[in-house]
Structures are given as structure tokens and as C-alpha cells.
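Topology and contacts: notes
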2 protein chains.
Amino acid sequence: MKNHHRSVKVLRRGDLAKLTGCNLETIRYYENIGVMPEPPRTSKNYRAYDESHVGRLRFIMRARELGFTLDEVRDLLALVDGGVQTCGEVQGLANSHLASVRAKIDDLKHIERVLSSTVAQCTGDDVPECPVIDALTEVT
Amino acid sequence: MKNHHRSVKVLRRGDLAKLTGCNLETIRYYENIGVMPEPPRTSKNYRAYDESHVGRLRFIMRARELGFTLDEVRDLLALVDGGVQTCGEVQGLANSHLASVRAKIDDLKHIERVLSSTVAQCTGDDVPECPVIDALTEVT
DNA sequence: TCTAGGGTCTGTAGCTGGTACAGGCTCAAG
DNA sequence: CTTGAGCCTGTACCAGCTACAGACCCTAGA
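Predicted, not measured: the structure shown is a model, and the values here were computed from it. (Residues numbered from 1 in each chain as written. Chains lettered and ligands numbered in written order. Predicted model: local features only at pLDDT ≥ 70, side-chain atom pairs only at ≥ 80, totals over all residues. Heavy atoms only, no water.)

**Looking at the protein's contact with DNA strand C**
As a structural note, the neighbourhood of DNA strand C is formed by 19 residues, with R28(A), R47(A), T26(B), K44(B) and R64(B) the closest of them. In this structure, a base nitrogen belonging to DNA strand C sits 3.0 Å away from a side-chain N or O atom of E25(B). When residues of the surface near DNA strand C are traced back to their parent elements, those giving at least two are α1 (13-20) of chain A together with α2 (24-32) of chain B. No other element matches the five residues that α2(B) contributes to the surface near DNA strand C. Classifying every residue of the surface near DNA strand C by side-chain character gives five nonpolar, five polar and nine charged. (Near = heavy atom within 4 Å. Polar contact = N/O pair within 3.5 Å; in protein donor to acceptor, adjacent residues only side chain to side chain. Helix = DSSP H or I, 4+ residues; strand = E, 2+ residues; numbered from the N terminus. Nonpolar A, V, L, I, M, F, W, Y, C, P; charged D, E, K, R; others polar.)

Here is the structure:
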């Protein structure tokens, strides 16, 4: 029977957390740093969210999953909120992020190569000589 | 003429930083968290390093370059310092680190695939419709 | 009606791996 | 003797959260 006569179902912070899978505290954090808007409050000072906040938070979470930094998320949201975002602008942001993702992959691949080739030389025996230690100790 | 009669050349923190390329403050940080040993001090309380510290710091820096966390570095150093490290033990550490590197690569590759395929659909035009925004807004 | 338990509110501390700066000493060159 | 560089300490800051203390508030059961 609750909310039966109310036009908009009010979500509390815990509801929003459950709906999105976001950590409860992270929601407040996002509000503090300005990526989530300050929601209206109930008479008892509880945050009162609605469906629009669910969408916003999901947007942020998806962007984070794609590795966008919170700064980049802010930029994306600013474009969306401005209502005047163009595909070109968004593409620009996405492409520069993509470049940094690729750079990270290259870094890690380099590490992977060095590490795996070094480990491959290990005997794995109960002896003190170890190619990994040698590589780290090397007097270059 | 300086240090001419001294058996061991003493290095100050700045010297160590220059020799290794490590940031000056980072050296103190490494000491605080216990991966660099507390060096002896001069009468005026200056840290007095020697060649062994250069080796130690280089070891740490190489391990960091290979993506080992400082916790893992601590473990490696403990094995080395124990003097009883075995190739098998070190190989174990290196392999588990290698696994996490590979996991990170996989994560990033997934991101790269999603991102690049989405961006590829962009017209890049001056229009508000954008596949990237759509992907982030999607009502799944 | 009282009470126990959950939820929420705030501010703040902790994590990793550093980096930077203030305020005070000390040292070497000119 | 002065001036600038280097060093000392503690502390604050960055991202991106996460967690906890202490104070409210709300609801269900006895």
C-alpha cells in the first residue's frame, strides 16, 4: 500500500545501491566529487532519488567499467547534460581514452614478455640460483 | 682530494637518487615502508648510503618496472635477504604476479574491443546522436 | 507502549604508490 | 660572511574508493 497515492516512487540511497550494484558509500562519494547530482531530501534529510538517478549512476558505472577516469566521466556527463553534445566531441574523448587503454596494454605486454621469458628459465628447484633474481640484480 | 683517505665513499640521498634515477622523496618513502633499510647516519644526521644501497634500490625499481607491487617486492627481498631463497620460491611469486599481469591484459583487451567497436560506429558528425553515449545509456 | 534492529546521516581515516612542500639545519663556494 | 644548495622532519595531496564511529530515524514485534 505504500507509495500508492504518490506519483513518484522515492528511492533511498540503499535502494539505489541495490538497483545498480554500486557500493552504498560510493554513491555519496560520487555526489561529493560532483559526478552525481545532489538529490532532493526528505523532511528527515534522507536523500530522495528517482529513476533519473538510476540512469545517471548506471551511466557512470558503465563508463568506469570501460576504464574512463572520473575526470573523463565528468567530461562525458557535461556533454550529455549540455544537451548540445555532438557525436564528434564524444568520439574525441573516447578515442583519446582508447589510446591510453592501448598504451597500457602495450606496457603490460612488455612486462608479460620479460617476465614469462625469465620465469621460463627457472629450474624451480631447491637451489639459490634463480634467473628472476638475477634479472632484478643485474648490474647494467 | 675529498674522500681520498676514506675507505668507503659515502653517498647522500641526492647522490643515490641521481645514480638510480629514483625520485628523492621516494627513497625516503621506501625507507618508511620498510623496503629500503634505514641507512647509517652521519654526525649531522644525514643518511649515509653505500654501493649496497644502490643495488638494493635498483632491485626495487626493476621489480616495480615489472609491475610487482611493493608487497611483492617486500616478499622478494625477504627471500633474497634470508639468503636461503630457492629458485622454486621465487618462481612461485613471479608466476602468481605473471598471472595477475595477464588478467589485467585480458581486462584491458576486453575494454579495448568494446570501445573500439563502439567508436567505429560514430559518424563523428555535428549531430547529437552518438553510439558511444547510446552504449553508456543503454537500458539493459 | 516499549524496544531492538535496521537504515540513514555526517565527518573522517584508511588503502596504494608515490609526490611535494614548509620550516629548520648544515655545508661549501665565492 | 653570505648565499644558495642540500638535507632533515612531518605533513598534506592525488585517484577512487571503502569503512567506520556516533548520532538520528523508522518500523515491526512483544
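**Some thoughts on the packing of helix α4 (residues 70-82) of chain A against helix α5 (residues 87-119) of chain A**
All names here are of chain A. Taken N-terminus to C-terminus, the directions of α4 and α5 make an angle of 170°; their axes are 10 Å apart at the nearest point. By the angle class used here, α4 and α5 are roughly antiparallel. Within the contact between the two elements, α4 uses E72, D75, L76 and L79 and α5 uses E89, V90, L93 and H97. (Axes fitted to C-alpha atoms, helices over the stretch in contact; angles between N-to-C directions. Parallel < 35°, antiparallel > 145°, perpendicular 65-115°, else oblique. Contact = heavy atoms within 4.5 Å.)

**Notes on the packing of α1(A) against helix α2 (residues 24-32) of chain A**
All names here are of chain A. Interhelical geometry of α1 versus α2 gives an angle of 105° and a closest axis separation of 8 Å. Taken together, the axes of α1 and α2 are roughly perpendicular relative to one another. When α1 is examined against α2, the residues R13, G14, L16 and A17 are found in contact with a partner set consisting of L24, E25, I27 and R28. Of the residues contributing to the contact of α1 with α2, the split by class is four nonpolar, one polar and three charged.

**What about a positive patch on the surface?**
On the surface, K109(A), R113(A), K109(B) and R113(B) cluster together to form a positively charged patch. Along the chain, the position of K109(B) falls in helix α5 (residues 87-119). A relative accessible area of 32% means that K109(B) is categorised as partly exposed. (Patch = residues over 30% accessible without salt bridge, like charges linked within 9 Å, V, L, I, M, F, W, Y side chains within 5 Å. Areas by Shrake-Rupley, 256 points an atom, 1.4 Å probe, with all protein chains shown as cover. Salt bridge = Lys/Arg side-chain N within 4 Å of Asp/Glu carboxyl O. Lys, Arg positive; Asp, Glu negative; His and termini not counted. Charge placed at Lys NZ, Arg CZ, Asp CG, Glu CD. Buried < 20%, exposed > 50% of the residue type's maximum accessible area, 1.4 Å probe, protein only.)

**Focus on the domain arrangement of chain A**
Partitioning chain A into structural domains gives domain 1 (1-68) and domain 2 (86-140). Inter-centroid distance (C-alpha atoms) of domain 1 of chain A to domain 2 of chain A is 38 Å. (Domains from an automatic or database assignment.)

**So, the relation of the copies chain A and chain B**
Overlay of chain A on chain B (RMSD 0.1 Å): rotation 180°, translation along the axis 0.0 Å. Here the transformation between the copies is reduced to the relation of a two-fold axis. The rotation axis passes nearest to the C-alpha of I105(A) in chain A, at a distance of 3.0 Å. (Least-squares fit on C-alpha atoms with pLDDT ≥ 70 in both.)

**Topic: the side chain of E112(A)**
Along the chain, E112(A) falls in helix α5. Not counting chain neighbours up to four residues away, the residues in contact with E112(A) comprise L98(B), V101(B), R102(B) and I105(B).

**Quick look at the pattern of salt bridges**
Using the criterion set out here, one finds 12 salt bridges over all chains in the structure. Notably, a salt bridge pairs E31(B) with R41(B), separated by 4.0 Å at the nearest N-O pair. Here the residue E31(B) occupies a position in helix α2, and R41(B) occupies one in the loop between α2 and α3 (51-65), the gap between them amounting to 10 residues. Via salt bridges that share partners, E31(A), R41(A) and R47(A) belong to a single interconnected network.

**Notes on α3(B)**
Taking 1.5 Å per residue as the helical rise, α3(B) with its 15 residues ought to reach 21 Å, and the 21 Å between its terminal C-alpha atoms agrees with that figure. Of the surrounding elements, those touching the buried residues of α3(B) are α6 (131-137) of chain A together with α1 (13-20), α2 and α4 (70-82) of chain B. (Expected span 1.5 Å × (residues − 1).)

**Structural notes on the protein's contact with DNA strand D**
Around DNA strand D, the surrounding shell holds 19 residues, and the nearest of these are T26(A), R64(A), R13(B), R28(B) and R47(B). In DNA strand D, atoms within 4 Å of the protein come 62% from sugar and phosphate. One nitrogen or oxygen atom from the side chain of T26(A) is found 2.6 Å from a phosphate oxygen belonging to DNA strand D. Take R47(B): an N or O atom from its main chain is 2.6 Å from a phosphate oxygen of DNA strand D. Contributing elements (two or more residues each) for the surface near DNA strand D: α2 of chain A together with α1 of chain B. Per element, the largest residue contribution to the surface near DNA strand D is five residues, and it comes from α2(A). Partitioning the surface near DNA strand D into residue classes produces five nonpolar, five polar and nine charged.

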